[in-house]
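Spelled out, the chains give:
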Amino acid sequence: MTDAQKTAADTTLRAPGDSPPDSRPAPVPLLEPREGIPPVTATDEALAEVVAAFAAGTGPVAVDAERASGYRYGQRAYLVQLRREGAGSALIDPVGCPDLSALGEAIGDAEWVLHAATQDLPCLRDIGMVPTRLFDTELAGRLAGFARVGLGAMVENVLGFALEKGHSAVDWSTRPLPEPWLRYAALDVELLVDLRDALEEELTRQGKLEWAHQEFAAIAAAPPPPPRKDPWRRTSGMHKVRRRRQMAVVRELWTARDQVAQRRDVSPGKVLGDAAIVEAALNLPPNSHALAGLPGFGHRMGRRQLEQWQAAVDRARALPESDLPQPGQPLNGPPPPRSWADKDPVAAARLSAARAAVTALAERLNLPQENLITPDTVRRLCWEPPALPTRETVAEVLVSHGARPWQIEQVAPILTEALLTDAD
């Protein structure tokens, strides 16, 4: 940071919930890149230079990635941004340099600083970049009690600078990338390490730094999530689809759309909208002419496309009853809480007491309830509590559901009390 930037940061940093000394805040300066916008690294030769520079750098490494969600199929990275003391900033094109494992190894021992790490780690992993240690500035902000934890809000509230806006949802697969987009991307890592340092101080002041370290370690150690079972069930508007034959239409259309989207490398929503899939399922059109009359299959769609979608509908119409999907997925865990009062009133009372206790504790600790303990863990504990609820047995259940030590230390006593109270 320049001296002017340091001055602005020093005068702006304040604890969550603190009121500014003046009700008329001074204008927030727009952040400027310290060394200008770095050239995009898109060749093996240029990448080797970046790898050498970042290997020789010191301290944490700011890392960010841009995807083309809503434009391309999947969640691959189309730009990777990094910054490290002694190395400066780098913008890397994963299209020209699809294997960044050498870079990942060069900074493998360093702490990686990311904002909302779980969003970027999957696409970074796909190109060979896997951290062993990390610091998540968004999660740190949540634990510290900040109400707004987006990167722009955090940089402004903590460091006193405004980030440029307007390019977060653009098509990052565009080539060449426009200069304003590259500027926006470079600024995303410009002050990320400075933000990390300020949040570490704040977490230390609140006695929560060890909590954050446990959360970061859990993220870094987490394996890739397994493929989602029956992803077609997540089609928007699926709640309107009641009959099994209609569900089969959704499944066939979703699968056909996914195959087309993958082949064309475009977002599935650009191939066929969820609303159109649901309309076809509800109406079960007998032919492509009838299909063309439904919303989402209008005049812009060619005959070939209509026939393609109608073929999917016809496949669903022809399925025997035994091959139709079941109304719902098998439950892996407790039923929806709204049904507890009828199914098990005692469990419903336990859940009510536990939720109230968690809410009160989260407010005292000034952090979101879901970061204190996940709602799913509370539901599972209350639906199937230990035969003899004690702090030790409750702690064992929490461990089995992935709760971290700091979470168990905080919530085991209040959850034990809630279970015992409702058991009387």
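Please read all numbers here as calculations on a predicted model, not as lab measurements.

### Examining the overall build of the protein chain
- Scanning the protein chain for helices and strands turns up 20 helices and six strands.
- Viewed in the frame of its principal axes, the protein chain has a C-alpha envelope of about 70 × 65 × 45 Å.
- Put simply, the protein chain has 424 residues, and 47% of those count as buried.
- Partitioning the contacts of the protein chain with sequence separation of at least 6, the portion at a separation of at least 24 is 68%.

### Description of the side chain of Glu111
- Along the chain, Glu111 falls in strand S5 (residues 111-114).
- At 2.6 Å, the side chain of Glu111 and the side chain of Arg196 are in polar contact.
- Residues within four places of Glu111 in sequence aside, it is in contact with Pro60, Val61, Arg133, Leu134, Phe135 and Arg196.

### Thoughts on helix H19 (residues 391-400)
- Taken together, the buried positions of H19 are occupied by Val394, Ala395, Val397 and Leu398. For H19, the arc enclosing every buried residue in end-on projection is 160°, short of the 170-degree limit, so these residues lie on one face. Projecting away from the buried face of H19 at angles above 90 degrees are the exposed residues Glu392, Glu396, Val399 and Ser400.
- In the segment just after H19, Gly402 is the residue with positive phi, at about 90°.

### Regarding the confidence of the model for the protein chain
- Residues with a pLDDT of 70 or more make up 92% of the protein chain, whose mean pLDDT is 92.
- Note that residues 1-15 has pLDDT below 50 and, in this model, 27 contacts with residues that lie over four places away or in other chains.

### Some remarks on unusual backbone geometry
- Backbone torsion omega between Arg175 and Pro176 reads -5°, so that peptide bond is classified as cis.
- Mapped onto the fold, Pro176 is located in the loop between helix H6 (151-159) and helix H7 (179-187).
- Unusually for a residue other than glycine, Asp265 sits at a positive phi of about 55°.
- By secondary structure assignment, the location of Asp265 is in the loop between helix H10 (244-264) and helix H11 (268-271).
- The phi angle at Asn366 is positive, at roughly 60°, despite the residue not being glycine.

### Observations regarding the sheet that holds S5
- In spatial order, the strands read S1-S4-S3-S2-S5-S6; together these six strands make up an open sheet with mixed pairing. Strand pairing shows two members of the sheet lacking a second neighbour, strand S1 (40-41) and strand S6 (133-136), which therefore form its edges.
- Here strand S3 (residues 77-85) pairs with strand S4 (residues 88-92) via five bridges, running antiparallel. Of the residues in S4, the one forming a bridge with Arg84 is Gly88.

### Re the nonpolar core
- Counting residues in hydrophobic clusters, the biggest one holds 83 residues, and the most contacted among them are Leu82 and Leu398.
- The greatest single-element share of this core, amounting to eight residues, is contributed by helix H20 (residues 405-423).
- The contact partners of Leu82, leaving out residues within four places of it in the chain, are Phe54, Val61, Ala62, Val63, Gly88, Ser89, Ala90, Ile92, Leu103, Ile107, Met129 and Val189.
- The next biggest cluster of nonpolar side chains, apart from the first, holds 32 residues, and it includes Ala276, Leu284, Met301 and Leu319.

### Brief notes about the pattern of salt bridges
- Scanning all chains against the criterion turns up 22 salt bridges.
- Two residues, Arg183 and Glu164, come together in a salt bridge whose shortest N-O distance is 2.4 Å. With Arg183 in helix H7 and Glu164 in the loop between H6 and H7, this pair connects stretches of sequence that are 19 residues apart.
- Overall, Arg183 belongs to the buried group, its relative accessible area being 18%.
- Here Asp230 ties to Arg233 by a salt bridge, and the two come within 3.2 Å at their closest N and O atoms.
- Here Asp230 falls in the partly exposed class, since its relative accessible area comes to 25%.
- Given the relative accessible area of 16%, Arg233 is considered buried.
- Counted as one network, the salt bridges with shared partners bring together Arg34, Glu35, Arg83, Glu190 and Asp194.

### Description of the packing of aromatic side chains
- With the rule as written, the count across this model stands at five aromatic pairs.
- Here Trp340 and Trp383 contribute two aromatic rings whose centre-to-centre distance is 4.8 Å and whose plane-to-plane angle is 45°, an arrangement assigned as tilted. Remark: Trp383 occurs in helix H18 (residues 375-383) and Trp340 occurs in helix H15 (residues 340-343); sequence separation between them is 43 residues.
- By relative accessible area, which is 0% here, Trp340 ends up buried.
- A residue is classified by how much of its surface remains accessible, and Trp383, at 22% relative accessible area, is partly exposed.

Rules of the game
- Residues numbered from 1 in each chain as written.
- Predicted model: local features only at pLDDT ≥ 70, side-chain atom pairs only at ≥ 80, totals over all residues.
- Heavy atoms only, no water.
- Helix = DSSP H or I, 4+ residues; strand = E, 2+ residues; numbered from the N terminus.
- Buried < 20%, exposed > 50% of the residue type's maximum accessible area, 1.4 Å probe, protein only.
- Contact = heavy atoms within 4.5 Å.
- Polar contact = N/O pair within 3.5 Å; in protein donor to acceptor, adjacent residues only side chain to side chain.
- Arc of directions from axis to C-beta.
- pLDDT = per-residue confidence, 0-100.
- Pairing = 2+ DSSP bridges.
- Core = buried A, V, L, I, M, F, W, Y, C linked by side-chain atoms within 4.5 Å.
- Salt bridge = Lys/Arg side-chain N within 4 Å of Asp/Glu carboxyl O.
- Phe/Tyr/Trp six-rings, centres within 6.5 Å; stacked < 30°, edge-to-face > 60°.

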